[in-house]
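# Working through the structure, step by step
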Amino acid sequence: MHKKNKYTPNPDKERASAPETRASVTIEASFAIPMFLFAVLCLIWMIEIQSIRISIAGAAQSAAKKATEQTALVSVLNSIKLKSDIVELIGEERLENSIIDGGSSGISCWKSYVSPVTGEMNIVVEYKIKLPVPMFGSPSVSLSEEFKMSSWTGYNDRKAGEEGSEIVYITDHGTVYHEDYQCTYLQLSINYVPFTEAERMRNGSGGKYYACEKCVYGPPMAGVYITDHGNRYHNSLNCSGLKRTIRAIEKSDAGWRGGCSKCTGKE
């Protein structure tokens with residue numbers, strides 16, 4: 001009979017292989033843990049980028065809707081006001097602590113405009129996302145949110161209520177009501193003219209133009225803004241004197257206001 005060979009452990013060899021195994025596990029962990037953390041960090045960046053894009057797109061939509069009423073009267077889009085409204089809607093603190101390069105000041109709306117042909121608003125909001133990767137010099141990615149919005153055409157010319165009370169239009173400081181939203185007394189016709197000509201020009205009622213108390217400080221600009229039926233010249237197109245806040249009310253609520261001589265035929 002043959003005797004079975006018995007395994008004789010070698011204590012020295014086992015002691016030598018144990019450190020090698022531990023070293024192998026340590027090396028694998030040194031690669032796996034950073035890769036896992038980097039993957040988690042990338043996921044957080046993606047969530048934050050998507051959150052920022054949704055916030056800016058939503059705020060831009062709301063700010064554009066607000067701007068449509070202003071561009072209905074003056075077909076010029078105030079991109080500075082558009083940006084200010086976007087920042088206000090999102091929150092300046094939120095933007096300053098976000099990954100937008102430059103925070104709230106990193107948002108640009110200057111490419112937004114109103115088409116002179118269709119009256120359609122073209123909104124373009126640009127910004128950069130900074131990626132916190134110091135080893136690559138903190139690169140940034142340019143993003144933009146773009147969409148179009150139809151201009152506001154006013155309220156429907158309709159009857160209100162079962163009693164047949166008409167809808168009429170008033171301004172905050174006007175003394176008459178208007179039956180036609182497109183009345184020229186409501187729709188300001190703004191012209192840009194040299195100041196030297198404005199001094200000689202007369203408005204629709206034959207009156208002179210005087211300096212606006214709200215936007216003319218010191219000498220007027222070389223060119224000023226005037227309206228056909230106004231009696232002031234303006235240095236700034238954004239002056240509140242060149243804007244009308246029009247409200248629709250029931251005729252029965254017009255109170256002491258008389259009818260507009262142009263669109264109602266009443267003196």
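Residues numbered from 1 in each chain as written. Predicted model: local features only at pLDDT ≥ 70, side-chain atom pairs only at ≥ 80, totals over all residues. Heavy atoms only, no water.

Along the protein chain, the regular secondary structure elements total 4 helices and 12 strands. Summed over all atoms, the accessible surface of the protein chain reaches about 17500 Å², with 55% contributed by carbon and sulfur. (Helix = DSSP H or I, 4+ residues; strand = E, 2+ residues; numbered from the N terminus. Areas by Shrake-Rupley, 256 points an atom, 1.4 Å probe, with all protein chains shown as cover.)

What follows deals with the pattern of salt bridges. Pairs may arise between side chains of opposite charge once their charged atoms sit close together. This model, assessed by the stated rule, comprises 7 salt bridges. For Lys-81, the salt bridge is made with Asp-85, and the minimal N-O distance between the two is 2.9 Å. One end of the pair is Lys-81 and the other is Asp-85, both in helix H2 (residues 79-90) and 4 residues apart, which spans about a single turn. Asp-85 sits in the buried class, given a relative accessible area of 8%. The salt bridge involving Lys-111 is made with Glu-126; its shortest N-O contact spans 3.1 Å. In this pair, Lys-111 sits in the loop between helix H3 (92-96) and strand E1 (113-114) while Glu-126 sits in strand E2 (residues 121-130), placing the two residues 15 residues apart along the sequence. (Salt bridge = Lys/Arg side-chain N within 4 Å of Asp/Glu carboxyl O. Buried < 20%, exposed > 50% of the residue type's maximum accessible area, 1.4 Å probe, protein only.)

On to a nonpolar patch on the surface, then. A cluster of nonpolar side chains, Ile-33, Phe-36, Leu-37, Val-40, Leu-41 and Ile-44, forms an exposed patch at the surface whose accessible area comes to about 560 Å². Mapped onto the secondary structure, Leu-37 falls in helix H1 (residues 11-73). The class for Leu-37 is exposed, based on a relative accessible area of 52%. (Patch = residues over 30% accessible without salt bridge, like charges linked within 9 Å, V, L, I, M, F, W, Y side chains within 5 Å.)

This part is about the environment of Leu-77. Within the secondary structure layout, Leu-77 lies in the loop between H1 and H2. Placed 10 residues apart in sequence, Leu-77 and Ala-67 show a C-alpha to C-alpha distance of 7.4 Å.

Turning our eyes to something else, we now look at the sheet that holds strand E3 (residues 140-149). Taking strand neighbours across the sheet as the criterion, the 3 strands line up as E1-E2-E3 in an open arrangement whose pairing is antiparallel. With partners counted over all chains shown, the strands left at the sheet margins are E1 and E3, one partner each. Where E2 lies against E3, 10 bridges are found, and the strand directions are antiparallel. Within E3, the residue paired with Val-124 across the bridge is Glu-146. (Pairing = 2+ DSSP bridges.)

Nonpolar side chains in soluble globular proteins tend to be buried together. In terms of nonpolar packing, the biggest core is built from 26 residues, with Ile-56, Ile-86, Met-121, Ile-123, Val-125 and Tyr-127 touching the most fellow members. Sorting the residues of this core by element identifies H1, H2, E2 and E3 as the ones contributing at least two each. Among the elements that take part in this core, H1 stands out by supplying 7 residues, more than any other. Counting residues in hydrophobic clusters, the runner-up holds 11 residues, among them Phe-195, Ala-198, Val-224 and Cys-239. (Core = buried A, V, L, I, M, F, W, Y, C linked by side-chain atoms within 4.5 Å.)

According to the stated counting rule, one finds 1 aromatic pair in the structure shown. An angle of 65° between the planes, with centres 5.2 Å apart, marks the rings of Phe-195 and Tyr-233 as edge-to-face. Of this pair, Phe-195 sits in helix H4 (residues 195-198) while Tyr-233 sits in strand E10 (residues 232-233); the two residues are 38 residues apart in sequence, bridging distant segments of the chain. An identical accessibility class is assigned to Phe-195 and Tyr-233; each is buried. (Phe/Tyr/Trp six-rings, centres within 6.5 Å; stacked < 30°, edge-to-face > 60°.)

Attention now goes to H2. An ideal rise of 1.5 Å per residue puts 16 Å on 12 residues; H2 measures up with 17 Å between its terminal C-alpha atoms. You can read the cap of H2 off the contacts: a side-chain oxygen lies 3.1 Å from the backbone nitrogen of Ile-80, and it is on Asn-78. Phi turns positive, to about 110°, at Gly-91, one or two residues after H2. (Expected span 1.5 Å × (residues − 1). Polar contact = N/O pair within 3.5 Å; in protein donor to acceptor, adjacent residues only side chain to side chain.)

Tracing the chain through its elements places His-234 in the loop between E10 and strand E11 (246-250). Accessibility expressed as a relative area gives 5% for His-234, which makes it buried.

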